[in-house]
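# Observations on the model geometry
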Amino acid sequence: MKQLLKGGTVVSGEGQKKLDVLIDGEKILAVGEELEAADAEVTDVTGRLLFPGFIDAHTHMALEVSGTITADKFDTGTKAELVGGTTCIIDFATQERGETLSEALAHWHAKADGQSSCDYAFHMAIGEWNEAVSREMEEIVKGGISSFKAYLTYDNRVDDQTLYEILTRVKELGGLVGVHCENHGIIQARLAEVLQEKGNRLDVGDYPWTRPAEAEAEAVARLLKIAKCVDTPVIVVHLSTAAGYREIERARTEGQTVYVETCPQYLVMDDSRYALPDGRGRLYMIAPPLRKAADQEVLWQALSDDQLQTIATDHCSFTPKQKLAGEKDFSKTPCGMPGAQERPMLIWQYGVSAGRLSAEQMCRYLSENPAKQYHLYPRKGVIAPGSDADIVVWNPQEEWTLSAHNQQSAAEYCPLEGTQIKGMAEKVFLRGELAAEDGKVLKANAGIYIKH
């Protein structure tokens, strides 16, 4: 059956225009002024903005880490994404030691297939590197995954030689590598210092000191120098500091192509959260940690100047009970927070409404740029004939209170509990079907796997 959205304003990365949108099945059939279709169901969206479905290119659903598994599996996590307006995620199919890439991918499909309420794709996170993995990469790329992930900290971190080899191989295959940039040695040394000086690691307030801005900046600089030797673009994921951004600016002045992702938590929360009483600071333990207000301003300015490419969530949720694993030693706390549902609302409230960003920039950061960067465009990321009918009907006047009581996440807490928001996804169409409305899921488990 055809559907006609009339009276709304279509937003793209280039502008806004009052246009009608005609949907036929899963695809957009036409976009134009005063469209008519006698055989279509008409929905009046006057006064609303129509965004292409948002894309979250950095999520961790059903991730086994720190002796536990994230609170949000693909079922609850993608419901949170959907009601916020996100119609496609790119999760990390994570290779464990001893696994082939194909085994890791099959493991992630078993977690996601039939469980996702928005469409989903995968990056391949490399946990072990050898000749067999290098050869297998070609089949992974041919099978529909064009992006990979490497870590410069954690147990699955790569050394400089391995990073060089991974970048070289992915360049050969025409893909991209995103890198978690923190200096592992600095982190471990400072964790040891806290224990030596205090005899324990009880105080969550010490956590951000153990992962300083310099640890991010050093790792960013090292990544970019290695990438320059390989002569290949790279992605710095979840950039959190002004110091890290300065390294990116320096590399760009020398002609390097560097793509940068940041996250709402680094734009709207700072490290004062770690001083909250009664251990509540553990709820905000993420990696990299929350930073200073001055870092936020630099990131907002970079976004305003179109110097970053995407805003993702790094959604990696744990319940307060799971966070208690770090009660006696904060270094044992599983790091991560929920954020899937809130991302578009926060960027609208603190970006567009605050005058830091335009609606067109919001469209670029949340839809168009990730679609282009990860080979989903023009199927995703744009409201145009032939594209998937992933459409967010955005009500800029609707008021909303962020709360654990009205979130879809299984995290059991909301990091910004009680925050008043004006503007939200009123209706969310997933491939032509009204899948969510007013914060409620209408059609669950309708997501499909997308190659990229």
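Scope of this entry: the structure provided in the associated data block. The shown structure was predicted, so the numbers you read here are calculated from the model rather than taken from an experiment. (Residues numbered from 1 in each chain as written. Predicted model: local features only at pLDDT ≥ 70, side-chain atom pairs only at ≥ 80, totals over all residues. Heavy atoms only, no water.)

### Considering the overall build of the chain
For clarity, the threshold we go by: Here a strand is any run of E in DSSP of at least two residues, a helix any run of H or I of at least four, and the numbering for each starts at the N terminus. As a reference, a globule follows 2.2 Å times the number of residues to the power 0.38, and the radius of gyration itself is taken over C-alpha atoms. Classification of residues uses two cut-offs on accessible area relative to the type maximum, computed with a 1.4 Å probe and protein chains only: under 20% is buried, over 50% is exposed, and between them is partly exposed. The contact criterion used throughout is that any non-hydrogen atoms of two residues lie within 4.5 Å. Residue exposure ignores everything except the shown protein chains as possible cover, and the areas themselves are Shrake-Rupley values with a 1.4 Å probe.
For the chain, the helix and strand inventory stands at 13 helices and 21 strands. Relative to its length of 452 residues, the chain is compact, with a C-alpha radius of gyration of 21 Å against a globular reference of 22 Å. By its C-alpha atoms, the chain is 75 × 50 × 45 Å across when sized along the principal axes. Scored against the burial criterion, the 452 residues of the chain give a buried share of 61%. The long-range share in the chain, meaning contacts at least 24 apart out of those at least 6 apart in sequence, stands at 73%. Summing over all exposed atoms, the chain offers an accessible surface of approximately 17000 Å²; the carbon and sulfur share of this is 48%.

### With respect to the packing of helix α7 (residues 213–230) against helix α8 (residues 242–253)
To be explicit about the condition: Under this scheme, a helix contributes an axis fitted over its contacting stretch, all axes are lines through C-alpha atoms, and angles between N-to-C directions fall in the 0 to 180 degree range. To sort the angles, those under 35 degrees are grouped as roughly parallel, those over 145 as roughly antiparallel, those from 65 to 115 as roughly perpendicular, and the leftovers as oblique. Crossings are sorted by hand: turned counterclockwise from the far helix by less than a right angle, the near helix makes the crossing left-handed, and turned clockwise it makes it right-handed. In this classification, the charged set is Asp, Glu, Lys and Arg, the nonpolar set is Ala, Val, Leu, Ile, Met, Phe, Trp, Tyr, Cys and Pro, and all remaining amino acids, among them Gly, are polar.
Closest axis-to-axis distance for the α7/α8 pair is 7 Å, and the angle between their directions is 20°. Here α8 runs roughly parallel to α7, going by the angle between their axes. Here α7 and α8 pass one another in a crossing that is right-handed. On α8, the residues touching Ala 213, Glu 216, Ala 217, Val 220, Ala 221 and Leu 224 of α7 are Ala 243, Gly 244, Glu 247, Ile 248 and Ala 251. Of the residues in the contact of α7 with α8, the class split is 8 nonpolar, 1 polar and 2 charged.

### Observations regarding the pairing of strand β8 (residues 54–59)
Inclusion rule: One bridge is not enough; two strands pair if DSSP finds at least two bridges between them.
Burial analysis of β8 places 6 of its 6 residues in the buried class, which makes it a mostly covered element. Pairing between β8 and strand β11 (residues 86–94): 4 bridges, direction parallel. Each residue of the ladder has a partner; that of Ile 55, found in β11, is Cys 88.

### Thoughts on the state of the cysteines
The bond known as a disulfide is covalent and runs between the sulfur atoms of two cysteines. Rules: By definition, disulfides here are pairs of cysteine sulfur atoms that lie within 2.5 Å.
For the structure shown, the criterion picks out 0 disulfides. Not part of a disulfide, Cys 118 finds its nearest cysteine sulfur in Cys 88, a span of 6.6 Å. Free cysteine: Cys 316, not disulfide-bonded; nearest cysteine sulfur from Cys 335 at 8.6 Å.

### Some thoughts on the environment of Arg 169
By secondary structure assignment, the location of Arg 169 is in helix α4 (residues 160–173). Among the residues examined, Arg 169 registers a relative accessible area of 15% and is labelled buried. Taking the C-alpha atoms as reference, Arg 169 lies 9.1 Å from Glu 138; in sequence the two are 31 residues apart. When neighbours within four sequence positions are excluded, Arg 169 is seen to be in contact with Trp 129, Ser 134, Arg 135, Met 137 and Glu 138.

### Concerning unusual backbone geometry
For the peptide bond that leads from Ala 287 to Pro 288, omega is -5°, which places it in the cis range. Mapped onto the fold, Pro 288 is located in the loop between α9 (265–268) and α10 (293–304). Note the cis peptide between Tyr 377 and Pro 378, where omega equals 5°. Within the secondary structure, Pro 378 sits in the loop between α13 (359–373) and β18 (391–401). The backbone of His 375 sits at a positive phi, close to 60°, despite the residue not being glycine.

### Some remarks on the side chain of Glu 261
The criterion, for reference: The positive count covers Lys and Arg only, the negative count covers Asp and Glu only, and His and the chain ends enter neither. Should a side-chain nitrogen of Lys or Arg be within 4 Å of a carboxyl oxygen of Asp or Glu, the pair is scored as a salt bridge. Here a polar contact is taken to be a pair of N or O atoms separated by no more than 3.5 Å, where protein atoms must pair a possible hydrogen donor with a possible acceptor and residues adjacent in sequence count only if both atoms sit in side chains.
Turning to its location among the elements, Glu 261 is positioned in strand β16 (residues 258–262). No salt bridge is formed by the buried Glu 261; its nearest oppositely charged neighbour, Lys 149, is found at 7.2 Å. Only 2.9 Å separates the side chain of Glu 261 from the backbone nitrogen of His 238, close enough to count as a polar contact. Non-local contacts of Glu 261, meaning those with residues more than four positions away in its chain, are made with Ala 57, His 58, Val 236, Val 237, His 238, Leu 239, Thr 310 and Ala 312.

### Details of the sheet that holds strand β7 (residues 49–52)
Strand order in the open sheet formed by 7 strands is β3-β2-β7-β18-β19-β20-β21, with mixed pairing between adjacent strands. Pairing within the sheet leaves two strands with one partner each, and these edge strands are β3 (16–18) and β21 (440–441). For β7 and β18, the ladder comprises 4 bridges, and the chain directions are antiparallel. When the sheet's bridge partners are listed, Pro 52 is paired in β18 with Ile 391.

### So, the nonpolar core
Across soluble globular proteins, you tend to see nonpolar side chains buried next to one another. Threshold: We call a set of buried residues a nonpolar core when its members are Ala, Val, Leu, Ile, Met, Phe, Trp, Tyr or Cys and they connect through side-chain atoms within 4.5 Å of each other.
Membership of the largest hydrophobic core comes to 106 residues, with the highest contact counts inside it found for Phe 51 and Trp 394. Among the elements that make up this core, the one with the highest residue count is α7 (7 residues). Non-local contacts of Phe 51, meaning those with residues more than four positions away in its chain, are made with Val 11, Trp 348, Ala 359, Met 362, Cys 363, Ile 383, Asp 390, Ile 391, Val 392 and Trp 394. Leu 5, Val 21, Val 45 and Ala 389 belong to the second-largest nonpolar core, a separate cluster that totals 13 residues.

### Description of the layout of surface pockets
Applicable threshold: Think of a 1 Å grid over just the protein atoms. A cavity is a set of points where a 1.4 Å probe fits yet cannot get out, a pocket is an open set with protein on both sides within 12 Å along at least five of seven lines, and lining residues have an atom within 4 Å of a point. Grid points are joined across faces, edges and corners, and a volume is the space filled by probe spheres set on the points.
Quantified by volume, the largest pocket comes out at close to 950 Å³. Lining of the largest pocket is provided by 39 residues; of these, Val 65, Ser 66, Tyr 154, Asp 155 and Asn 156 occupy positions nearest its centre. Where the lining of the largest pocket is concerned, the elements lending two or more residues are β9 (64–65), β13 (147–151), α5 (184–198), α6 (207–210) and α9. With 4 residues, the top contributor of residues to the lining of the largest pocket is α5. Among the residues forming the lining of the largest pocket, the class breakdown is 15 nonpolar, 16 polar and 8 charged. Secondary structure elements with two or more residues in the lining of the second largest pocket: α6 and α7. Looking at the lining of the second largest pocket residue by residue, the class counts come to 6 nonpolar, no polar and 6 charged.

### Some words on the environment of Gly 114
With respect to the secondary-structure elements, Gly 114 resides in the loop between α2 (101–112) and β12 (119–125). Taking relative accessible area as the criterion, Gly 114 reaches 47% and is therefore assigned partly exposed. Separated by 330 residues in the primary sequence, Gly 114 and Ala 444 place their C-alpha atoms 9.6 Å from one another.

These results come straight from atomic positions and should not be treated as a statement about function.
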